[in-house]
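# Architecture and fold: a report
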Amino acid sequence: MVCDGRSMNPLRYLHQRIAGLGAMGLFLIHVLRVLPAPAARAGMLAKQIVHIGSRSMGLMLIAGACVGAMLSVQLFDTLTRFGSPSMLGAAVAMSLIRELGPVLAALIVLGRAGSMLTAEIAGMRASQQIDALTCMAIDPLAYLMVPRLLACVVSLPLLTALFDVAGLAGGALVSVLSFSGSASLFIDSAANGIVADDIRMGLTKSLVFAALIAWICLGKGYLGTALRGTEDVSRVSADAVVIASIAILGTDYLLSALMS
Amino acid sequence: MPDRAPPAIAPIVDATSITMSLGGRTILEELSFQVARGEVFAIMGASGAGKSTLLRTLAGLAPPVTGHIRLFERDIYALPARELFALRKRIGVAFQGGALLSALTVIENVELPLRLNTQLDPATIRIMAHLKLELLNLRQVDHLYPSQLSGGMAKRVSLARAVVMDPELVLFDEPAGGLDRQNAAELDALILKLRAAMKCSFVVVTHALDSALGIADRILIIADGRALALGTPAEIRAQDDSRIATMFGRMDAALPAERTAYLDRLTDGL
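Presented here is a report on the structure given in the accompanying data block.

The rules behind these values
- Residues numbered from 1 in each chain as written.
- Chains lettered and ligands numbered in written order.
- Predicted model: local features only at pLDDT ≥ 70, side-chain atom pairs only at ≥ 80, totals over all residues.
- Heavy atoms only, no water.
- Pairing = 2+ DSSP bridges.
- Helix = DSSP H or I, 4+ residues; strand = E, 2+ residues; numbered from the N terminus.
- Contact = heavy atoms within 4.5 Å.
- Buried area = accessible area lost by both parts, 1.4 Å probe.
- Salt bridge = Lys/Arg side-chain N within 4 Å of Asp/Glu carboxyl O.
- Nonpolar A, V, L, I, M, F, W, Y, C, P; charged D, E, K, R; others polar.
- Expected span 1.5 Å × (residues − 1).
- Polar contact = N/O pair within 3.5 Å; in protein donor to acceptor, adjacent residues only side chain to side chain.
- Patch = residues over 30% accessible without salt bridge, like charges linked within 9 Å, V, L, I, M, F, W, Y side chains within 5 Å.
- Areas by Shrake-Rupley, 256 points an atom, 1.4 Å probe, with all protein chains shown as cover.
- Buried < 20%, exposed > 50% of the residue type's maximum accessible area, 1.4 Å probe, protein only.
- Axes fitted to C-alpha atoms, helices over the stretch in contact; angles between N-to-C directions.
- Parallel < 35°, antiparallel > 145°, perpendicular 65-115°, else oblique.
- Left-handed = near helix turned anticlockwise from the far one by under 90°.

Looking now at the sheet that holds strand E2 (residues 25-35) of chain B. Residue and element names in this part refer to chain B. Taken in spatial order, the four strands make up an open sheet running E2-E1-E4-E5, and their pairing is antiparallel. Lying at the two open borders of the sheet, with one neighbouring strand each, are E2 and strand E5 (74-75). Bridge analysis of strand E1 (residues 13-22) against E2 gives seven bridges, and the strand direction is antiparallel. By the bridge assignment, Ser21 is partnered in E2 with Thr26.

Attention now moves to the interface of chain B and chain A. Each side of the interface is counted separately: chain B has 22 residues, and chain A has 16 residues. When chain B packs against chain A, close to 1,600 Å² is buried across both sides, 63% of that on carbon and sulfur atoms. Counting every contact that joins chain B to chain A gives one salt bridge. Close ionic contact of Arg56 of chain B with Asp131 of chain A constitutes a salt bridge, the shortest N to O distance being 2.5 Å. Those elements that provide at least two residues to the side of chain B that touches chain A are helix H2 (81-88), strand E6 (91-94) and helix H3 (106-117) of chain B. Of the residues forming the side of chain B that touches chain A, the biggest block, five residues, is contributed by H3 of chain B. Residue composition of the side of chain B that touches chain A, grouped by class: 14 nonpolar, three polar and five charged.

What follows concerns helix H1 (residues 10-33) of chain A. Compared with the 34 Å implied by 1.5 Å per residue over 24 residues, the 35 Å span of H1 of chain A between its first and last C-alpha is a close match. Put simply, Asn9 of chain A is the residue that caps the front of H1 of chain A, since its side-chain oxygen is 2.8 Å from the backbone nitrogen of Leu11 of chain A.

All names here are of chain A. A contiguous nonpolar surface patch, about 330 Å² in accessible area, is contributed by Leu11, Leu14 and Ile18. Relative to the helices and strands, Ile18 is located in helix H1. Exposure remark for Ile18: the relative accessible area of 54% places this residue in the exposed category.

Our next topic: the pattern of salt bridges. Here the idea is simple: oppositely charged side chains can pair when their charged atoms come close. All names here are of chain A. Counting across every chain of the model gives 19 salt bridges over all chains. Asp131 serves as the salt-bridge partner of Arg125, at 3.7 Å between the closest nitrogen and oxygen. Just as Arg125 is buried, Asp131 falls in that class too. In this structure, Lys205 engages Asp252 in a salt bridge whose closest nitrogen and oxygen atoms are separated by 2.8 Å. Taken together, the residues span a long stretch of sequence, with Lys205 in helix H8 (residues 196-222) and Asp252 in helix H9 (residues 230-259) at a distance of 47 residues.

To continue, consider the packing of helix H4 (residues 88-126) of chain A against H8 of chain A. Residues and elements named next belong to chain A. Between H4 and H8, the shortest axis-to-axis distance is 8 Å and the interhelical angle comes to 15°. The angle between H4 and H8 places the two elements in the roughly parallel class. Crossing of H4 against H8: the hand is right-handed. Grouping the amino acids of the contact of H4 with H8 by side-chain chemistry returns 17 nonpolar, five polar and six charged.

Here it is in structure tokens:
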């Protein structure tokens, strides 16, 4: 077993991993405990929503439109084979709202904002800013983590909705331009094909993914007690993105299985 | 090492038999000392002697392996979280690198403890923060971000933030670290100015003997993880220990007279 360039006893490695998981669990419990703390002021929350959410909007529009267009191309072929190309709108909408929208929006937010969150918190840990807060009798969990967690939970479902709308627009555009379909037929099909459960599933997924991104990215940054410099900070950020990506995909399967 | 009698009134810091380890290595062993109210107490030692770790322990950030730290007659590592939280409001900590919040300006950094720990209105908080900045000659940089400050300024802002709540005890990690002689002397003078103005105690960690001699009422010298000497500057100077003699020999050769004069001028009338 190799860790940090040195070989490590597998048992010790396992012990460290389990201890790390335990620390992450405790971190989550402590953050949830201070969730209503006054340090989570509206101003801080708004700043973080701008930081995490609004700066990802353009990315969501472009990525959503591309994914919707791709889905249109792929699904038109399949549906034509089964004699129901008129169901294109419903198929694109279901794929986006139930599955691809929440997952891809979460992965985009993770790549853009999640890594930034980890680097920011890990940098604060390395430069003793978190210790300074503690010494000022300011709970760093309430002051730093809660606004960021809430901003993720508020932003991601809205960004996912934006991704879905852009995806539907991209899908409709391809349907009109490439397959001589009608935009109104596509929209009617999409509207008729979607039920409340689809939207509930998409919303639940994006809320859970947001909490996962915040938990893993903030926790990895906060718990990096032995951070020495920029190299450690970038390593922790990369770790957080990898772990959160796997967690999102694994949880996506679980939620799909549970809610279908 | 001279075993000095504890101060007549209850000490503000009472460290008993502190043993600390870092990465499995014992760095401090059976260290005991007390700090009296209003005293400037310097902890000295070579780089890596465990001075900063000891300061973190005093600040309640790193529990000792064995021993007790009593601040204001309370064992800080036996206190419930809520009481420790309340006790922290009576302590100010200035970190070596400043540890200023990079997203906030100088004035916002200094205001932060007041904003989150008091019910004062924003205008009063601004006035109080400005008073402290003026005391530390920082009024002109209040709108800057930490990244725009020099090392000396960042340390002074960190000190302003540490004293903004009018603490009874200030812990200061390496005031002279990374500064030229003039900036270090200026910071030393500010420590004395603050002590005189606020009647608070200072525990200062430093590796600069001239700085410790200039400001401290008593000095603790750590070597090889143990207390090598503890006493007033005059008592330390009189110690019959080759390591201390070497330290003083180096300092006497290096200490320019103008620095002493500069310190005297700045502290004149305190």
